[in-house]
Amino acid sequence: AIFQPVIPALAGSGMIKALLALLVALHLVDSGSQTYQIFNAFGDALFYFLPFILAVSAAKRFKCSPYIAAVLAGVLLHPSFTGLNTGDPVHLFGFIPVTMVSYSSSVVPILLIVWVQSYIEKFANKYSPKAVKIFLAPMITIIVTGILGITIAGPLGNLVGQVIAIGFNWLNDYAGWVIPFLMGAFCPFFVMTGMHYCFAPIQTIQYATLGYGTILGPGMLASNIAQGTASLIVGLKAKNKDLKQLGISAGFTGLMGITEPALYGVTLKYKRPLYAAVIGGGVAGLYAGITGIHTYSSTTAGLLALPVYIGGSGFGNVINAAITIVISIVVTAIATLVLGFKEEPGDDAAETPAVEKKETVSSM
């Protein structure tokens, strides 16, 4: 319900980023040019300011003010707040610790904050005197919810991300095949929480010290291709025209490495395609880990990312990356067809043949 209204903007932005990646790969646009920077802003604006978009949508779902929700999202990205992230301890009122977190492109923190807002706002509206309610209730809501947001909700999500990142770093040292497998299988859930951004600093360190990266690239390549494939299969099998169009367009952007439209618009909504993507991404990620593929530069993990796997001695690394893509496509396609999916009553379509005799699955 929260993500459904955002799908058109997600799909459009994803297509712009995929188109830009294609233009760069074909050497029609230089990645250092002003044209690239402008179009990158067109495609990346929604993802960077995702807390604003989700704040409004979540407020409608939780039945509270979308404008106050947008203000709270603005707090997370305001220069006065983000400017405090200098490495020095930050305290509210001199004694309440505030853990500074980068909230751009995050999902869960703003959802939690707006959920808290819905209760604070009801309380403030109920007990504020009518004479001053027009400004007192919003003021109380912003202050109380804002404090709870920057001291509890945001830092809690960041803490979970840090724990996962530390665990991945240890696994990379002692069981290198595990990380691509876990990332290939569970990357959709990291994307949903915004925790995949926690791994970027670790990969940057890898590039600086080792000359290559293993934390994000191989596993995300397997996962992104799986997401795109699952969405494409849904689009090709769907009876409803809107779902067919969404599945195919989101599937294409997913294959290019932009998975949010496929994840939030198709696979997460219908559940079983998400399970298929987890299976396909996990199997392909396992192959990527066993063969030890790695990236030599950072880029969006998709079909156009193959050039970043060229390096070292010979072409074994890039060949294994291509095989990883093929495995992800084949396994995910088979898993999606076997598991099937059920179009909702509002989609004006019956259950797909693969699940006609199975139990009805409600949307998430």
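Residues numbered from 1 in each chain as written. Predicted model: local features only at pLDDT ≥ 70, side-chain atom pairs only at ≥ 80, totals over all residues. Heavy atoms only, no water.

1. Thoughts on the nonpolar core
For step 1, the next point in the chain: Counting 62 residues, the largest nonpolar core has Leu54, Ile110, Val114 and Tyr264 as its most contacted members.
For step 2, the next point in the chain: Among the elements that make up this core, the one with the highest residue count is helix α8 (residues 178-193) (seven residues).
For step 3, the next point in the chain: Formed by 10 residues, the second largest nonpolar core is a distinct cluster that contains Leu243, Ala250, Ala262 and Val266. (Core = buried A, V, L, I, M, F, W, Y, C linked by side-chain atoms within 4.5 Å. Buried < 20%, exposed > 50% of the residue type's maximum accessible area, 1.4 Å probe, protein only. Helix = DSSP H or I, 4+ residues; strand = E, 2+ residues; numbered from the N terminus.)

2. Regarding helix α10 (residues 217-237)
Note: α-helices contain 3.6 residues per turn, so residues at a spacing of three or four share the same orientation.
For step 1, the next point in the chain: The end-to-end C-alpha distance of α10 is 30 Å, a good match for the 30 Å that 21 residues give at a rise of 1.5 Å each.
For step 2, the next point in the chain: Most of α10 is tucked away, with 18 of its 21 residues classed as buried. (Expected span 1.5 Å × (residues − 1).)

3. Observations concerning helix α2 (residues 34-48)
For step 1, the next point in the chain: A bend of about 40° at Phe42 is the largest found in α2.
For step 2, the next point in the chain: Taken together, the buried positions of α2 are Gly43, Leu46 and Phe47. (Bend = angle between axes of the 7 residues up to and from the residue.)

4. Some points on the packing of aromatic side chains
For step 1, the next point in the chain: This model, assessed by the stated rule, comprises seven aromatic pairs.
For step 2, the next point in the chain: On the numbers, 4.8 Å between centres and 80° between planes, the contact of Tyr48 with Phe49 is edge-to-face.
For step 3, the next point in the chain: Look at Phe49 and Phe52: their rings are 6.1 Å apart centre to centre, the planes differ by 55°, and that puts the pair in the tilted class.
For step 4, the next point in the chain: A residue is classified by how much of its surface remains accessible, and Phe52, at 26% relative accessible area, is partly exposed.
For step 5, the next point in the chain: One aromatic cluster is present, built from ring pairs that chain together Tyr48, Phe49 and Phe52.
For step 6, the next point in the chain: Lys122 extends its terminal NZ or CZ atom over the ring of Tyr119, reaching a point 5.9 Å from the ring centre. (Phe/Tyr/Trp six-rings, centres within 6.5 Å; stacked < 30°, edge-to-face > 60°. Lys NZ or Arg CZ within 6 Å of the ring centre and 35° of its normal.)

5. Comments concerning the environment of Trp177
For step 1, the next point in the chain: Within the secondary structure, Trp177 is located in the loop between α7 (133-174) and α8.
For step 2, the next point in the chain: Judged by its relative accessible area of 42%, Trp177 is partly exposed.
For step 3, the next point in the chain: Distance from Trp177 to Ala288, taken between C-alpha atoms, is 7.4 Å for residues 111 residues apart in sequence.
For step 4, the next point in the chain: Those residues in contact with Trp177, other than ones at most four positions away along the chain, are Leu286, Gly289 and Ile290. (Contact = heavy atoms within 4.5 Å.)

6. Observations regarding unusual backbone geometry
For step 1, the next point in the chain: In this model, Lys63 sits at a positive phi of 60°, which is unusual for a non-glycine residue.
For step 2, the next point in the chain: Relative to the helices and strands, Lys63 resides in the loop between α3 (50-62) and α4 (66-77).
For step 3, the next point in the chain: Judged by its relative accessible area of 70%, Lys63 falls in the exposed class.

7. Some points on the packing of α3 against α4
For step 1, the next point in the chain: Contact pair α3 / α4: the axes reach a minimum separation of 8 Å and the direction vectors enclose 155°. In terms of orientation, α3 and α4 fall into the roughly antiparallel class. The interaxial crossing formed by α3 with α4 has right-handed handedness. From α3, Pro51, Phe52, Ala55, Val56 and Ala59 reach across to α4, where they touch Pro66, Ala69, Ala70, Ala73, Gly74 and Leu77.
For step 2, the next point in the chain: Broken down by class, the residue content of the contact of α3 with α4 amounts to 10 nonpolar, one polar and no charged. (Axes fitted to C-alpha atoms, helices over the stretch in contact; angles between N-to-C directions. Parallel < 35°, antiparallel > 145°, perpendicular 65-115°, else oblique. Left-handed = near helix turned anticlockwise from the far one by under 90°. Nonpolar A, V, L, I, M, F, W, Y, C, P; charged D, E, K, R; others polar.)

8. Some thoughts on the packing of α4 against helix α6 (residues 108-127)
For step 1, the next point in the chain: Between α4 and α6, the shortest axis-to-axis distance is 10 Å and the interhelical angle comes to 135°. Classed by the angle they form, the pair α4 and α6 counts as oblique. Considering how the two elements wind past one another, α4 and α6 form a crossing that is right-handed. Of the residues in α6, those touching α4 at Ile68, Ala69, Leu72, Ala73 and Leu76 are Ile110, Ile113, Val114, Gln117 and Glu121.
For step 2, the next point in the chain: Taken together, the residues of the contact of α4 with α6 sort by class into eight nonpolar, one polar and one charged.

9. Re the environment of Ala250
For step 1, the next point in the chain: Structurally, the position occupied by Ala250 is in helix α11 (residues 241-255).
For step 2, the next point in the chain: The spacing of Ala250 and Leu263 is 13 residues in sequence and 8.5 Å in space, taken between C-alpha atoms.

10. Observations regarding the side chain of Ser128
For step 1, the next point in the chain: Of note, Ser128 is situated in the loop between α6 and α7.
For step 2, the next point in the chain: By relative accessible area, which is 7% here, Ser128 ends up buried.
For step 3, the next point in the chain: A distance of 2.5 Å separates a polar side-chain atom of Ser128 from the backbone oxygen of Ala124. (Polar contact = N/O pair within 3.5 Å; in protein donor to acceptor, adjacent residues only side chain to side chain.)

11. Topic: the environment of Leu304
For step 1, the next point in the chain: Relative to the assigned elements, Leu304 resides in the loop between α13 (272-291) and α14 (316-339).
For step 2, the next point in the chain: Along the backbone, Leu304 and Ala25 are 279 residues apart, and their C-alpha atoms lie at a distance of 6.9 Å.

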